[in-house]
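Geometric and topological summary
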Amino acid sequence: MKLRNQVLSALIFSGLLPLAIAFLYAIWHSSITTNDLVIKSVSHRLAQSSAELASYFSARETEIDLLASLPLIQSMDFQKVRPFLMNTLDKKSAYYEKFIVGRTDGSFHNTSGGNRFVDMLRTDDDSQKDGTPRSIAQRDYWLETIANNVTAEQKVYISNPMISYTTEVKQIVIAASIINNKQVVGLIGGSLPWENIQQRINKIQDEFSNEFGGLAKVALISSDGTYWYHWQPDKVIHFKRGGNNDFILNASGEKQTVSSNIKDEFPQSPTNLLNTILTGKKAYIVNELTSSTYHHLFQPIDNSGYTLQLTVDDKVLSAPTSNLINVLLLILMISIAVALLAVYFLSKKLTQPLYDFASKISLAKNKQLAPIAYTTHTKEFNDLFQELNRMIVTICDNEKALRISEERFSVAMKGANDGLWDWNLLTDEVYFSPRWKDMLGYQESELANNVSTWQDLIFEEDLEETLDSSNKQLNGQGHYYRIEFRMKHKNGTLVNVLSRASIIYDVKTQKPIRLVGTHVDITDRKKQEYQLHAMNSLLEERVEARTSELANLNSQLVKATQVAEHANQSKSLFLANMSHEIRTPMNGVIGLIELITRTPLNAQQQEYLTQLQLSSNNLMHILNDILDISKIEAGKLSIEQQPFDFKEMLTNVVKVFEPQIQKKKLSLTVSIADDIETNVIGDSVRCSQVLTNLVNNAIKFTEVGGIRIIVNNIENSELVSIKVSDTGIGISEQQQQRLFTSFMQADDSTSRKFGGTGLGLAISQQLACLMGGAITLQSKLGEGSCFEFKVKLPIDKSKPSTDVMSESSQHNNTTKNKSYIVSALIGKRVLLVEDNRINRLIAEQILKQAGMKVFSAENGLQAVQMAEEHAYDVIVMDIQMPVMDGYEATQKIRLLAHHEKTPIIAMTANAMTDDKERSLAVGMNKHLTKPIKANEVIAELSKFFT
């Protein structure tokens, strides 16, 4: 009979098998029953904790909802609301950090401060008048209570936690819609400090830890699955930092966050189960890992959007089962004892060969281990003894491999040139390897193997710090030891040493028993560091010298800049004088042309005058371009922001070019998108100037075909696109590169054929930029060109939109009025002050033809004398005159009681912006620039009498 059958018979005889089966069944059944009971208990306890947090949030929601229903809050008058909120905050400081009043445009107030210049709104700089209001329009609580509240309901919402970009402090906002007259007018929110929430969750964590022996962990999850509280700090959302602990920014310049999501924590769980958790439902997940099994319970916090997660180690569930197992084990041991007595007599006979074999092994223990001879008639023992002999052979082979491994380790240590040391903390003995002693100049037998040897060899200045570091490691303040210090060489020199070590603990007591480490000679490295430090100091000295040199260069640059500014001022003065000297005779030329056109003329005379008028207008256009360039370069050209009729401006530009279009037999079409607004805000004069230049160029360089103007809005902006395309000569890519440069044209041949100064496009481009837009070009040589003029034109919401283009078409065939007579001016007494005889003659004729009584003076002094003696309804004043200029004359006339409010209009060749500002400053009512146009002069005068 085989040994196995004999042993099994004895066990069955003794009843061991039934007991073992009963024991296993008891363990299995009790573990299932106990686990279910513990899970139910934990779930109930978690529900209680969730209810406590829900009660806390509900109380705050009620408070915020009550605030939102107060008439004072509904008034949205923050000057009155703020004292009330500050008083409330004093009473509720235990719950709220601050109150927030949000507006429907995203701007907001809060009790922490505000910009007193902007109705106490929070801005990017609350101390500045021009601070830009900050916005909460992207916050979830603003979107929920205002943006998405289309039905104007009284909504109360708990936000996801937020992290401050400046303080890194977390907070939760409970916000309520402010409803007034059935409309959402804003929101009132209370900022709950994260510290309060965290204290409550810490309390829950402590309760579970105490109840379950530290094996239960709590986490808080927001509605998007992000962890805002977790027992592992790196899983809680936080700002991302670089290697130097600096914040890492995204493409928009904001701090990047690092977060852990519930979907990342449970990638193997079904998606619908995770979505159930995020929608506020209870859930239970078991996560089996290699080291242990964890049970995860998820309990929603009612009406908050948050979920509590409790993770329990399987050991918590198995603890009750362990007690039952201990009882069953006791019963089993008693049964086994009885069974052993029953099989004792059988085992004595059956195991005798084992004793014989063990005796032979004992006799050979002091000799070299080798296979042992045996004799047995039992098959199982025969197999056993064969396996034991095979094991003995394996042990011999392993001993040989161990010796080889030790030899390799010794060679590796020599190759690494490290000194090994091993400190036995129980006996205070230290092993120092030969290399350890050699790097200090000692033979292996020259140093004692104890701690005193090590301490005596440490350089005195480094001894205290080195011992302190060692003691910290041994006292449990770290498991890894690393320090640099100096040791004394046998020859008296110092050796820089890097010492690294690890602590070995007793498995049972967990107390340190050994400290094992190595010494590395870093003397050469320290020398290199010293040299590097010296080089760095030298480099710093050179940088300081270079900085001083740059400061001197900067001083020279400032002086050069001042010289350049002085030259620019001289240029501006020259241009102003040149403008005055050219405009004065041009006023005479243009004025006489206009007077002659109102006399009987034959066709040939009319043609000559038309050409002369065109030439004079072209000359004035060139002069204006030069002045515009000067103003732009000096930074004195300002862009007005006034309401005007966009379509009327476009119509007027088109009407100007109708004669040229008809003469060249070209087509001119205008296409305006339906969503283009008529009433806009901007600089109508500069818009007209740019558009006139583009249309004029298109007509100039087009001989066949036509010109097309297309107007569209640019989506999601206040920019309007005006495209002027033609079928003209086109522009090559090389020519396009310099097209917007002052005084530059496409090429010399174009300049000769078509004329021009090359200033128009340069000025237009700069004007477009000043108006918030730009001019771009698409063109191919011989195929025409398309200029796109983009300009920022906000809608004027104070006026209704009208279709001016259709209205203006009704006036295409009106004839020019040949008469200046205006009923409001008939019989009005006007004092005309002008030193130039021709200009005076022209002005007298224009004013007389308007029905006015004209009295003339040749200089400012004569004008003052005449004003002292007579009263006039209006005074037209030149600026640059002999004896007394127009500025001084105006100031003296204003001192006269009967002329204190008499309209005084400057009519001068001074065309610079400074000239206009000075005219108004001395008391003039209007500034007209020569050359004058009769209709414009009469129109301006009429405004003072209608």
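See the structure above.
All values reported here derive from a predicted model rather than from experimental measurement.

This part covers helix α17 (residues 646-656). By the burial criterion, the buried members of α17 are Phe646, Lys647, Met649, Leu650, Thr651, Val653 and Val654. For α17, the N-terminal capping position is held by Asp645, with its side-chain oxygen 3.2 Å away from the main-chain nitrogen of Lys647.

Let us now look at a nonpolar patch on the surface. Taken together, the side chains of Leu330, Ile334 and Val338 present a nonpolar region at the surface, about 310 Å² in accessible area. Topologically, Val338 is positioned in helix α9 (residues 314-350).

Now for the sheet that holds strand β8 (residues 227-229). Two orientations exist for strands paired in a sheet by backbone hydrogen bonds: parallel and antiparallel. Within the open sheet, the 5 strands sit side by side as β8-β7-β13-β12-β11. Their pairing is antiparallel. The outermost strands of the open sheet, each flanked by one partner alone, are β8 and β11 (283-288). Taking each pair of neighbouring strands and ignoring which way they run, the sheet shows an average axis angle of 30°. Where strand β7 (residues 216-221) and strand β13 (residues 306-313) come together, 6 bridges link them in antiparallel fashion.

Moving on to unusual backbone geometry. Positive phi, normally seen in glycine, also occurs at Met120, with a value near 60°. With a relative accessible area of 17%, Met120 lands in the buried category.

Looking now at the nonpolar core. With 48 residues, the main nonpolar core has Phe57, Ile188 and Leu220 as its most contacted residues. Broken down by element, the residue count for this core peaks at 10 residues, all from helix α2 (residues 16-68). Among residues more than four places away in sequence, those in contact with Ile188 are Ile64, Leu67, Ala68, Ile73, Leu85, Ile100, Val101, Ile174, Ala175, Ala176 and Ile178. Counting residues in hydrophobic clusters, the runner-up holds 38 residues, among them Met649, Val695, Ala698 and Leu777.

In total, this model carries 9 aromatic pairs according to the counting rule given. Taking 6.3 Å as the distance between ring centres and 45° as the angle between the ring planes, the aromatic pair formed by Tyr56 and Tyr95 counts as tilted. Of this pair, Tyr56 sits in helix α2 while Tyr95 is found in the loop between α4 (78-91) and β1 (98-102), placing the two residues 39 residues apart along the sequence. Of the residues examined, Tyr56 reaches a relative accessible area of 6% and is grouped as buried. Judged by relative accessible area, Tyr95 falls into the partly exposed class, the value being 27%. Measuring from centroid to centroid gives 4.0 Å for Phe432 and Trp436, while their planes differ by 20°, and the two rings are stacked. Here Trp436 falls in the buried class, since its relative accessible area comes to 0%. Members of the aromatic cluster, joined through ring pairs, are Tyr56, Phe57, Tyr95 and Tyr306.

Glancing now at the sheet that holds strand β26 (residues 829-833). The strand order β27-β26-β28-β29-β30 describes an open sheet built from 5 strands, whose pairing is parallel. The strands lining the two open edges of the sheet, one partner per strand, are β27 (853-857) and β30 (926-929). For this sheet, the mean inter-axis angle between neighbouring strands, taken without regard to orientation, is 20°. Alignment of β26 against β27, held across 5 bridges, turns out to be parallel. Of the residues in β27, the one forming a bridge with Arg829 is Lys853. Where helix α24 (residues 837-849) meets the sheet, its contacts fall on β26, β27 and β29 (904-908), and the angle it forms with β27 comes to roughly 165°.

Cut-offs used in this document
Residues numbered from 1 in each chain as written. Predicted model: local features only at pLDDT ≥ 70, side-chain atom pairs only at ≥ 80, totals over all residues. Heavy atoms only, no water. Buried < 20%, exposed > 50% of the residue type's maximum accessible area, 1.4 Å probe, protein only. Helix = DSSP H or I, 4+ residues; strand = E, 2+ residues; numbered from the N terminus. Polar contact = N/O pair within 3.5 Å; in protein donor to acceptor, adjacent residues only side chain to side chain. Patch = residues over 30% accessible without salt bridge, like charges linked within 9 Å, V, L, I, M, F, W, Y side chains within 5 Å. Areas by Shrake-Rupley, 256 points an atom, 1.4 Å probe, with all protein chains shown as cover. Salt bridge = Lys/Arg side-chain N within 4 Å of Asp/Glu carboxyl O. Pairing = 2+ DSSP bridges. Axes fitted to C-alpha atoms, helices over the stretch in contact; angles between N-to-C directions. Core = buried A, V, L, I, M, F, W, Y, C linked by side-chain atoms within 4.5 Å. Contact = heavy atoms within 4.5 Å. Phe/Tyr/Trp six-rings, centres within 6.5 Å; stacked < 30°, edge-to-face > 60°.

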